[in-house]
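# A look at the structure
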Amino acid sequence: VLASGVGTFVVAGVFVMCKFQQYYQVCFTMLADIIPTHQAAQWLLTHIDRLLDHLGLDRAKGVEEWVYVAVIVAVALLAGWIVRRCILFVAKRFVRLRDSAAGRLMLEQHLLTKCSHVIPPLVVLALLPFAFDTSSPMLRLFRLALYVYTVVVVAMAVCAVLTFVWTRFDEKENTNNLPLKGVLNVGKGIVWIIVAVIVGSLLLGKTPGAFLAGLGAFAAALMLVFKDTILGFVAGIQLSNNDMLHVGDWIVVPSTIANGIVTDVSLTAVKVRNWDNTIVTLPPYTLVSTSFQNWRGMSQSGARQICRSVNFEAYTVKRCDDDLLQRVSAKYPKMKAFIDRAKSAGKVDYDPGTAVVNGTIETNLGLFRAYMCQYLLDHPLIVTDQQILVRLLAPTTTGIPLQIWCFTTTAWTAYEAVQSEIFEHIAAVCGEFDLRLFNYASGMDTETVEMLPADSRS
């Protein structure tokens, strides 16, 4: 459906622009009725003849034609420059009086200047027929060159208008930072495809329909040439329609080294600035054909998850005795309330809430779990309306893993500081619960024995 729509738009654009080629004589006749170009032409020819007489040159038809062409080109350029200066002067005055954002953007992008380039070729086309005979080959050559130039400058003006409209919409309406730059690129691409068809038909002297029919044999080659463009356009539509990606999102693409902020999404490339300030460029269809991780939800929620484990030596886990419970109660008053409540009830009340103290007084590891839950609840940067868990994972050959599951601020520096603080505290406090962190044996854990000489052994 998308390809059919684009193809229909291209054909319609070609049909509209073909009218310029078919009816240019009618247009110039209407222009001559409005502006007396024949009178201007006669005036120019008269003065050219006088100039040639003054220089002592013969009135050769070829010399007159070339001098006339040079004069009208100069007049056309001068007219374009005067009109452009007048328009820019009025526009700047208007922007200063209104202080309009659209007006400032128009001046920043030089929109009026780019559109004013259409004026000189129109002036030349209006005055050119009076310099040559109707059957002159030079007239046909100059007209062909002017037609091509006019089509190109019109396309440049249209692209400038499209850029202005897209920029204005992106700044004012695109509040979600949707990747819409691909739509702009597609619009420009369609304009230049139409220009290529028109210019090709003009140079070959064929109608655009016949020119397009001749290109049918190269359709397969054209599909290969524009494969990335077509895939990028379709991927851009999918990314926007499914709200998968915004400019400014933090994304991670597992199959690549991309891990950073999206800075630009165009028709053929998605630019990601990694945390080391390197730029990774990906084709848009890579994000559609493979999975990627978008951290936008985390940023919008205002809470980032901490999920990390620390391993304890299994042989240090033991039943809690009265001495351990008294030491913990004396040092941590909030733990005394938990211990007294567990003793009086004879069991621990397992509250199903998202942020509660959860542990036991059966083992020192269960008591430490309860202490860490209370520590997280008291921490000022831990979000208490999100799930808080201190749980044991399956034992491994490296000990019994204790996992901390909680949420804190999304600010990167603060997040890493809080996470480091929690595990530093675990390492410092676990000894008070008679627990020991797992660590592989090192030189500090072994004793070197000096072997005695054989003759001194007894």
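Along every chain, residues carry numbers that run from 1 in the direction the sequence is written. Given that the model is predicted, a residue must reach a pLDDT of at least 70 before its local features are reported, and side-chain atom pairs must reach 80 or more before they are shown or counted; all residues, however, enter totals for whole chains, interfaces and linings. Calculated side-chain values reflect all of the structure's heavy atoms, with hydrogen atoms and water omitted.

Put simply, buried Ala, Val, Leu, Ile, Met, Phe, Trp, Tyr and Cys residues joined by side-chain atoms within 4.5 Å make one nonpolar core. With a 1.4 Å probe rolled over the protein chains alone, any residue whose accessible area is under 20% of its type maximum counts as buried; one over 50% counts as exposed, and the rest are partly exposed. With 38 residues, the main nonpolar core has L367, F368 and I422 as its most contacted residues. Helix and strand assignments come from DSSP, with helices taken as H or I runs of at least 4 residues and strands as E runs of at least 2, each series counted from the N terminus. Among the secondary structure elements, those contributing two or more residues to this core are β6 (304–312), α15 (322–331), α16 (333–345), α17 (364–378), β8 (400–408) and α18 (412–429). For this core, the element with the highest residue contribution is α17, accounting for nine residues. Contact criterion: two residues are considered in contact whenever any of their non-hydrogen atoms come within 4.5 Å of each other. Excluding its chain neighbours within four sequence positions, the residues that come into contact with F368 are F312, L402, I426, V429, C430, F433 and L435. Listed in part, the 18 residues of the second largest apolar core include V148, A155, I194 and V199.

With that out of the way, let us pick up the pattern of salt bridges. By convention in these notes, a salt bridge is any Lys or Arg side-chain nitrogen within 4 Å of a carboxyl oxygen on Asp or Glu. Evaluation of the coordinates by the stated rule reveals eight salt bridges. Between D434 and K318 there is a salt bridge, with the nearest N and O atoms lying 2.9 Å from each other. Pair noted here: D434 is in the segment after α18 and K318 is in the loop between β6 and α15, with a separation of 116 residues, a long-range link. Its salt-bridge partner being D323, residue R327 comes within 3.3 Å of it at the nearest N-O pair. Of this pair, R327 and D323 both sit in helix α15, four residues apart, roughly one helical turn. Exposure remark for D323: the relative accessible area of 45% places this residue in the partly exposed category. Through salt bridges with shared partners, a single ionic network connects K318, D323, R327 and D434.

Further remarks concern a nonpolar patch on the surface. A contiguous nonpolar surface patch, about 310 Å² in accessible area, is contributed by L78, W81 and I82. Its place among the elements puts L78 in helix α4 (residues 61–98). A residue counts toward a patch only above 30% relative accessible area and without a salt bridge, and it is joined to like-charged neighbours within 9 Å or, for Val, Leu, Ile, Met, Phe, Trp and Tyr, to nonpolar neighbours within 5 Å. Shrake-Rupley sampling with a 1.4 Å probe provides the accessible areas, and residues are treated as covered by the protein chains on show and by no other component.

Before going further, it helps to examine the confidence of the model for the chain. Scored by pLDDT, the chain comes out at a mean of 76, with 68% of its residues at no less than 70. Per-residue confidence from the prediction method is given by pLDDT, with values spanning 0 to 100. The lowest-confidence element of the chain is helix α1 (residues 2–22), averaging 44 in pLDDT; the highest-confidence one is β8, averaging 95. In this model residues 1–37 is a low-confidence stretch, pLDDT under 50, and it forms 35 contacts with partners more than four residues away in sequence or in other chains.

Bringing the packing of aromatic side chains into the picture now. To pair, rings of Phe, Tyr and Trp, with the six-membered ring standing in for Trp, must have centres within 6.5 Å; the planes then decide the type, stacked if under 30 degrees apart, edge-to-face if over 60, and tilted in the middle. Under the definition given, this model contains ten aromatic pairs. Where Y371 meets F433, the ring centres are 5.4 Å apart and the plane angle is 45°; that geometry is what we call tilted. Placement of Y371 in helix α17 and of F433 in the segment after α18 is noted, with a sequence separation of 62 residues between them. Judged on exposure class, the residue Y371 and its partner F433 are both buried. Above the ring of Y415, the side-chain terminus of R304 is found at 4.0 Å from the ring centroid. Throughout this description, the term charge over a ring refers to an Arg CZ or Lys NZ atom that lies within 6 Å of the ring centre and within 35 degrees of the ring normal. A cation sits over an aromatic face here: R308 above F423, 5.6 Å from the ring centre.

This paragraph deals with the packing of α16 against α17. Where α16 meets α17, the closest approach of the two axes is 10 Å, and the angle between their N-to-C directions is 130°. Accordingly, the angle class assigned to the pair α16 and α17 is oblique. The two elements α16 and α17 cross, and the hand of that crossing is right-handed. On α17, the residues touching K334, M335, F338 and I339 of α16 are L367, A370, Y371, Q374 and D378. Each axis is a line fitted through C-alpha atoms, taken for helices only over the stretch in contact, and angles between the N-to-C directions span 0 to 180 degrees. In these notes the angle categories are as follows: under 35 degrees is roughly parallel, over 145 is roughly antiparallel, 65 to 115 is roughly perpendicular, and the rest is oblique. By definition, any crossing whose near helix is turned counterclockwise from its far helix by less than a right angle is left-handed, and any crossing with a clockwise turn is right-handed.

Only one face of strand β3 (residues 270–274) is buried: it carries V270, V272 and N274, and the other face, with K271 and R273, is open. When DSSP finds at least two bridges between two strands, those strands are taken to pair. Counted between consecutive antiparallel strands, the loop separating strand β2 (residues 259–265) from β3 contains four residues. Where β3 meets strand β4 (residues 279–282), four bridges bridge the pair, whose relative direction is antiparallel. The residue bridging V272 from the neighbouring strand is V280, located in β4. Where β3 folds back on β4, the antiparallel hairpin that results is connected by four residues, among which N277 adopts a positive phi of roughly 70°.

Mapping T398 onto the fold places it in the loop between β7 (389–392) and β8. The term polar contact refers here to a pair of N or O atoms within 3.5 Å; inside protein, the definition further demands a hydrogen-donor-capable atom paired with an acceptor-capable atom, and it admits residues adjacent in sequence only when both atoms are side-chain atoms. In this structure the side chain of T398 is engaged in a polar contact, spanning 2.9 Å, whose partner is the side chain of N311. A polar atom in the side chain of T398 sits 2.9 Å from the side chain of T396. Once residues within four sequence positions are removed from consideration, T398 is found in contact with N311, F438 and Y440.

Next up on the list: the sheet that holds strand β5 (residues 293–294). The antiparallel open sheet is built from five strands, whose spatial order is β4-β3-β2-β1-β5. Edge positions in the sheet fall to β4 and β5, since each has one partner strand and no second.

With that out of the way, let us pick up α15. Turning to α15, its buried residues are L324, L325, V328 and S329. An end-on view of α15 places all buried positions within 130° of arc, on one side of the element. Exposed side chains of α15 directed beyond 90 degrees from the buried face belong to D322, Q326 and A330. On the buried face of α15, the contacting elements are α16 and α17. For this quantity, the arc is that covered by the directions from the helix axis to the C-beta atoms.

This part takes up α17. Taking 1.5 Å of rise per residue, the 15 residues of α17 would be expected to cover 21 Å, and the 21 Å separating its terminal C-alpha atoms lies within 8% of that figure. Of all 15 residues in α17, 13 are buried, a share of seventy percent or more. What a helix should span is 1.5 Å times the count of its residues minus one.

In this section: unusual backbone geometry. Unusually for a residue other than glycine, N277 sits at a positive phi of about 70°. Position of N277 relative to the elements: it lies in the loop between β3 and β4. You will see that D434, though not glycine, has its phi angle at about 60°, which is positive.

Let's shift gears to the sheet that holds β7. On the basis of which strands lie adjacent, the open sheet formed by three strands has the order β6-β8-β7 and antiparallel pairing. Of all the strands in the sheet, the pair left with one neighbour each is β6 and β7. Recorded for the sheet is a direction-independent mean angle of 15° between the axes of neighbouring strands. Of the strand pairs in this sheet, β7 and β8 are connected by four bridges, and their pairing is antiparallel. When the bridges of β8 are listed, L389 appears paired with W405. Across the face of the sheet, α18 comes into contact with β6 and β8 while running at roughly 25° to β6.

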